[in-house]
Every structure is written in C-alpha cells, then in structure tokens.
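# Descriptive structure summary
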Amino acid sequence: MMVIRRLLRKRWVLGVVFGLSLIYFLTSTLKQEERTIRDRTLLEARDADHRIPWKVRFDLGNSSRQFTQCRNSIQGKNLLTDELGYICERKDLLGNGCCNVNAPSSRQYMCQSCLADGCCDIYEYCVSCCLQPDKQPLLESFLNRAAEGFQNLFTAVEDHFELCLAKCRTSSQSVQHENTYRNPQAKYCYGESPPELLNT
C-alpha cells in the first residue's frame, strides 16, 4: 500500500495518467465529430424534392363505419379520447375501448379548453379537437414542414389519431428555459406554433 502511495506522488506517474486521460478525451471527441459530420453529409446528400413518405391517412369514416375496437388516449385519470374524436369520462368507456356515445359526458370533437392557436388546457381536449376533419389541412401542412426536424418521431405515426396523440403531448416547444411552460394554462398543442409565451 505504501509503495502505491509513493508511486502516485511521483510527477512522472501523474504525467502518464494525465497524458492517457488527454488521449482518451481527444479520441472520444474526434469520433463524435466524425459521426456528426457523417450524419450532416447524409442529410445534405438527400434530394431536396424528396418528401418523407408519410403513412398518415386522414380516412376517418366516423359515421358509417362500424368500429368493433377503438384505440383511446389511455392515460387520462378522469377523461379519455377515442380515435373517433369522442371525449368521455373514464366510467363511460366501453369494453371495446370506445367512448359510449350515448353517455351524457361523451362529446365529439371537443375544443372547449383550446385557444385559437391550437393549444389546449387539457390533453384529451387537444386530441379530440385535433381529430376534427377540418384540421386536416393544418396537420398536413405541419407534416410537410416538420419532415426534416421530426423525421424519427412522425414517420412512426400510422394515422390521424396517432398523429394527434403525438402532436398534443408536451414537447420542448412547450417550455422555456427547460423548466417552465411557455403557457401553463395551454400547454398541449396540435397547431403549427408553440404555445404563446405568457409573461408571469
């Protein structure tokens, strides 16, 4: 034990340890830089007219199509939104995942807590409002513009419902300074713009 302490006190041993640490740091940094350059080159090499083949289909068919199973927003404590755009209380959810359209709490395409910019106070209202057929041009415009920046996230989206689920989740666009919401009252957005910045 004493030998190791004496050895570590010698300057040449400390110099070797420092040198090896410096070499490791420089090697790691250069490898990271190479990966960044390679990724940037791949993006630049893509054809400028090439559009990402979005899988989103805006085929809602809400009135005539019979659904035997529905997907829904799942996570709400009290409210849920199904893929037909109905919002309902959790107690009014049917066994097939659809909201009971005859229940008093069920409403389709609810934008009650949403502002004109497409930002809503409640996640489930955001999804329901986003599912309105008249929101299709807005969402298609967003998809065409967001193709580059959000390629990994939105290429996994299969349809209108999944797009609204993903779009309404809070994201880095919903916050400022990485720790506070831009608008704490309307943080769930399906629109093209981030929430309006509130001065508090």
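As a starting point, this report considers the structure included with it. (Residues numbered from 1 in each chain as written. Predicted model: local features only at pLDDT ≥ 70, side-chain atom pairs only at ≥ 80, totals over all residues. Heavy atoms only, no water.)

### Here's the deal with the overall build of the protein chain
Our working definition: Secondary structure elements follow DSSP: runs of H or I of four or more residues count as helices, runs of E of two or more count as strands, with numbering from the N terminus. Here a residue-residue contact requires only that any non-hydrogen atoms of the pair lie within 4.5 Å. Accessibility throughout is a Shrake-Rupley quantity obtained with a 1.4 Å probe, and a residue counts as covered only by protein chains that appear here.
A count of helical and extended segments in the protein chain gives six helices and seven strands. Listing the helices and strands of the protein chain from first to last along the sequence gives α-α-β-β-β-β-α-α-α-α-β-β-β. For the protein chain, the share of sequence-separated contacts (at least 6 apart) that also reach a separation of at least 24 residues comes to 51%. Here the protein chain has roughly 13,400 Å² of accessible surface; of this, 54% comes from carbon and sulfur atoms.

### A word on the environment of F161
In plain terms, the rule: Working definition: with a 1.4 Å probe on protein chains only, accessible area under 20% of the residue-type maximum means buried, over 50% means exposed, and in between means partly exposed.
As for its placement among the helices and strands, F161 is situated in helix α6 (residues 160–168). Classification of F161 by relative accessible area gives buried; the value is 3%. Put simply, F161 and V127 are 34 residues apart on the chain and 7.8 Å apart in space, counted from C-alpha to C-alpha. With residues near it in sequence (within four places) discarded, F161 still touches R71, N72, S73, T81, D82, E83, V127 and L131.

### Quick notes on the packing of aromatic side chains
Under the convention used in this document: For this analysis, a ring pair means two rings from Phe, Tyr or Trp (six-membered ring only for Trp) whose centres lie within 6.5 Å, classed as stacked if their planes differ by under 30 degrees, edge-to-face if by over 60, and tilted for the remaining angles.
Within the structure shown, the criterion is met by one aromatic pair. Taking 5.8 Å as the distance between ring centres and 70° as the angle between the ring planes, the aromatic pair formed by Y123 and Y188 counts as edge-to-face. A residue pair is termed long-range when its members are at least 10 positions apart, and Y123 in helix α3 (residues 123–130) and Y188 in strand β7 (residues 188–189) qualify at 65 residues. Residue classification places Y188 among the buried residues on the basis of a relative accessible area of 18%.

### Things to note about the sheet that holds strand β3 (residues 107–108)
Pairing between the strands of a sheet is mediated by backbone hydrogen bonds and can be parallel or antiparallel. Heads up, the rule is: Should DSSP find at least two bridges between two strands, the strands are regarded as paired.
Taken together, three strands build an open sheet; the order of strands is β1-β2-β3 and the sheet is antiparallel. One side of each edge strand has no neighbouring strand; the edge strands of this open sheet are β1 (79–81) and β3. Pairing between β1 and strand β2 (residues 86–89): three bridges, direction antiparallel. Bridging across to β2, L80 finds its partner in C88.

### Structural notes on the pattern of salt bridges
Defined as follows: By definition, a salt bridge exists where a carboxyl oxygen of Asp or Glu is found within 4 Å of a side-chain nitrogen of Lys or Arg.
On inspection of all chains with the given rule, the structure shows six salt bridges. Linking D159 and R71 is a salt bridge whose minimum nitrogen-to-oxygen distance equals 2.5 Å. Of this pair, D159 sits in the loop between α5 (151–154) and α6 while R71 sits in the loop between α2 (11–45) and β1; the two residues are 88 residues apart in sequence, bridging distant segments of the chain. Since its relative accessible area comes to 16%, D159 is described here as buried. Two residues, E89 and K91, come together in a salt bridge whose shortest N-O distance is 3.3 Å. The exposed category is assigned to K91, whose relative accessible area is 67%. Residues joined by salt bridges that share partners form a network here, namely R71, E83, D159 and E162.

### With respect to unusual backbone geometry
Even without being glycine, I74 reaches a positive phi, approximately 60°. If you trace the backbone, I74 turns up in the loop between α2 and β1. For I74, a relative accessible area of 61% corresponds to the exposed category.

### What to know about the state of the cysteines
For clarity, the cut-off: Note that a disulfide, as used here, is simply two cysteine sulfur atoms within 2.5 Å.
Taken as a whole, this structure holds seven disulfides when the rule is applied. Between the sulfur atoms of C88 and its disulfide partner C99 the distance amounts to 2.2 Å. Judged by the sign of its S-S torsion, about -75°, the cystine formed by C88 and C99 is left-handed. Taken as a pair, C88 in strand β2 and C99 in the loop between β2 and β3 lie far apart in primary sequence, 11 residues in all. The two residues C88 and C99 agree in class, both being buried. The residue that forms a disulfide with C130 is C164, at a sulfur-sulfur distance of 2.1 Å. On the sign convention where negative means left-handed, the S-S torsion of about -75° between C130 and C164 marks this disulfide as left-handed. Placement of the pair is C130 in helix α3 and C164 in helix α6, with a sequence separation of 34 residues.

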